[in-house]
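Coordinate analysis (summary)
As a plain string of letters, each chain reads:
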Amino acid sequence: MSDNSLRLVWVYPDLLSTYGDQGNALVVERRARQRGLDVQRLDVRSDQPIPTSGDIYLIGGGEDRPQRLAAERLLRDGGLNRAVSNGAIVFSVCAGYQILGHEFINDQDKQQQGLGLLDVVSTRGEAERCVGDVLADIDPQLNLPPLTGFENHQGVTHLGPTARPFAKVRFGNGNGVGDGFEGAWQETVFGTYMHGPVMARNPHIADLLLKLALDVNALPPADDRWYEALRQERIAAATATS
Amino acid sequence: MAGNTEPLSPRAKLAVTAGRAAAAVSRAAGRGSGSVIGGRVALKLDPDLLARLARHLDVVLVSATNGKTTTTRLIAEALRAGGPVVSNALGANMPAGITSALAGGSDAKFGVIEVDEKYLAGVARDVTPKAIALLNLSRDQLDRAAETRMLAEHWREGLSGSKALIIANADDPLIVWAASSSANVVWVAAGQEWKDDAWSCPSCGGVMQRPDDDWFCGECGFRRPTPSWALSGDYVLDPHGSAWPIKLQLPGRANKANATTSAAVAAAFGVPPQVALERMYSVQAVAGRYDVVSYMERELRLLLAKNPAGWLETFSLIDPPPTPVIMSVNARGADGTDTSWLWDVDYTRLAGHPLFVLGDRKLDLAVRLEVAGLDFEVCDNLDQAVQMAPPGRIEVIANYTAFQDLRRHVGN
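Not measured: the values here are computed from a predicted model.

Moving on, we get to the packing of helix α1 (residues 22-34) of chain A against helix α12 (residues 362-371) of chain B. At a minimum axis separation of 10 Å, α1 of chain A and α12 of chain B run at an interaxial angle of 55 degrees. The pairing of α1 of chain A with α12 of chain B is recorded here as oblique in orientation. In the packing of α1 of chain A onto α12 of chain B, the handedness of the crossing is left-handed. Packed against α1 of chain A, whose contacting residues are Leu26, Val27, Arg30 and Gln34 of chain A, the element α12 of chain B presents Arg368, Glu370 and Val371 of chain B at the interface. Split into classes, the residues belonging to the contact of α1 of chain A with α12 of chain B amount to three nonpolar, one polar and three charged.

So, on to the interface of chain A and chain B. Many analyses report the size of an interface as the accessible area lost when the parts associate. On the chain B side, the residues contacting the 34 residues of chain A number 35 residues. In this assembly, chain A packs against chain B so that about 2900 Å² is buried in total across both faces, 53% of it on carbon and sulfur atoms. Our count for the chain A to chain B interface comes out at two salt bridges. Between glutamate 370 of chain B and arginine 30 of chain A there is a salt bridge whose closest N-O contact spans 3.0 Å. For the pair chain A and chain B, the number of links is eight residue pairs in polar contact (both at pLDDT 80 or more). Looking at the side of chain A that touches chain B, the elements with two or more residues in it are α1, α2 (64-77), β9 (147-153), α5 (198-201) and α7 (225-241) of chain A.

Quick look at the sheet that holds strand β16 (residues 377-378) of chain B now. Residues and elements named next belong to chain B. Reading across the sheet, the six strands line up as β12-β13-β17-β14-β15-β16 and stay open at both edges, with mixed pairing between neighbours. The sheet terminates laterally at β12 (292-295) and β16, the two strands that pair on one side only. Relative to strand β15 (residues 355-358), strand β14 (residues 325-328) runs parallel, the two sharing four bridges. Each bridged residue has a counterpart across the sheet, and for serine 328 the counterpart in β15 is leucine 358. Its contacts with the sheet put helix α11 (residues 308-315) on β13 (298-304), β14 and β17 (394-398), and the angle it makes with β17 is roughly 170 degrees. Against the sheet, helix α14 (residues 400-410) contacts β12, β13, β14, β15 and β17, and its axis sits at roughly 150 degrees relative to β13.

Rules of the game
- Residues numbered from 1 in each chain as written.
- Chains lettered and ligands numbered in written order.
- Predicted model: local features only at pLDDT ≥ 70, side-chain atom pairs only at ≥ 80, totals over all residues.
- Heavy atoms only, no water.
- Axes fitted to C-alpha atoms, helices over the stretch in contact; angles between N-to-C directions.
- Helix = DSSP H or I, 4+ residues; strand = E, 2+ residues; numbered from the N terminus.
- Parallel < 35°, antiparallel > 145°, perpendicular 65-115°, else oblique.
- Left-handed = near helix turned anticlockwise from the far one by under 90°.
- Contact = heavy atoms within 4.5 Å.
- Nonpolar A, V, L, I, M, F, W, Y, C, P; charged D, E, K, R; others polar.
- Buried area = accessible area lost by both parts, 1.4 Å probe.
- Salt bridge = Lys/Arg side-chain N within 4 Å of Asp/Glu carboxyl O.
- Polar contact = N/O pair within 3.5 Å; in protein donor to acceptor, adjacent residues only side chain to side chain.
- Pairing = 2+ DSSP bridges.

In structure tokens form, the structure reads like this:
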């Protein structure tokens, strides 16, 4: 946090914003403002440099070719890695999550280097594409209520020893390895396969990022009525379909 | 039998008859118009039936993410100036539905056919159309559709050998990419408000530059072609520079764009723009879309919006505040089961309208509107929403199955 304004960076909306990913930026921004914070939101296109002074960086999902282009440009730019070494918080979804790992399989069926910000490696799943509602329990260390989301991915993500699973699924697939884990996190970097968008269904995750950015343990309460109603409905739906 | 020089073979005739019988059974069983099941039975008996039925027709195919049903209807009205038309006017736009529609028009001169995006290349191969109209491509049904750019690529490959005249929107980079493999293209400046599926160059992946209405890739030089037809305000500009007034009962900029493309298609079939545009005025509602119905002693205008680009165009045509707006969203199979797309729609455009939310996924929409900072009421059903709405005509916007539910509910 610099001069009392939260700098929220949305990375490459021109490439990685296919699944309503703007929603995550909108929810974080809304919940910050409801707590009286000034928010400076920076949408950074893939022909612009990534600023290194952001507090929270969000990266969304995208299709296979844009994912390859995004990884190439982020690696060349280097700004996101510098921001993380300055202590910035990064939250990534689906294609963005894979990019933050060591490598993933690109649209040309080749292994492509990621940013190495998460100790994970992604491959392409042999099984059917994972599509549908998910219910999972988030890592107890993070002290958050259950995770609800919508997954839609062919990729499978394997965790290395440094990354912790973000959640353990009750219904759905998550990382797709078969161990029941969903997403990954280490220090201030998070990744998940959950769309929805994930913050709209789990506003507590937005609050977690704000708490980390502000370095506080609690935030003033916000009106969670509609989020809670949606959560109950989707949790019931995930339970019923599985 | 105008134009029907080659009679159908006994097998094709049998297939058409069997298809009609199946359609009649389907109708009697209360399962809709029966056009799809009829076509399926007929195609099974004679797989070449579609090609054979189209052989005696001058065919135009129409495909797009949005506006294909309406444009098909506008073109059909325009071409009736030149002779009888057969068309899949009810929007049954896959091969079975198309076959069924054509089987019902043995004395037609023109075939005006809406085609689902995924089937365009195949249908274009089967029916050897004289023209193909391509309007726009954008994200739709993300849980099961192919990538939007992949679809453009698929069109590009499928159409590269086609002898058809391609009539294509110069303002949509994905459409230009799809069409520009063809030798014979008429470019139409029809506009495209939604831009978020074409920020990266479909050719090389470079970042697209989009100053005002122009667009180009700074890296490979792929750029907007010079259009010969254009929508300009309320006028169609033809290739000779003449301006023809657009008079439609259908509302909105998107329908003016559809009329512009339709005028260009009509010209290719020998119908002059003035005649074509005058005939388009008769189109009032298309499969219930834009229909104004009386319900509970109120006027409701029914508007279909299936995806972010469709919602964006719809917001630009609704009456200004304080007109009440009812929105209904479902996420069944035909809608796509992922509701994330709601977050690609800029609902702040609805500020000042009293808002009422319903449908299977009303809570997703409620959170979306809350985050947009809007006031709204969540309702159990349409009747409750209509009761709560302040006076005046009500705009009702719904996605695909929600729209069908509403039409049934109001008896439309």
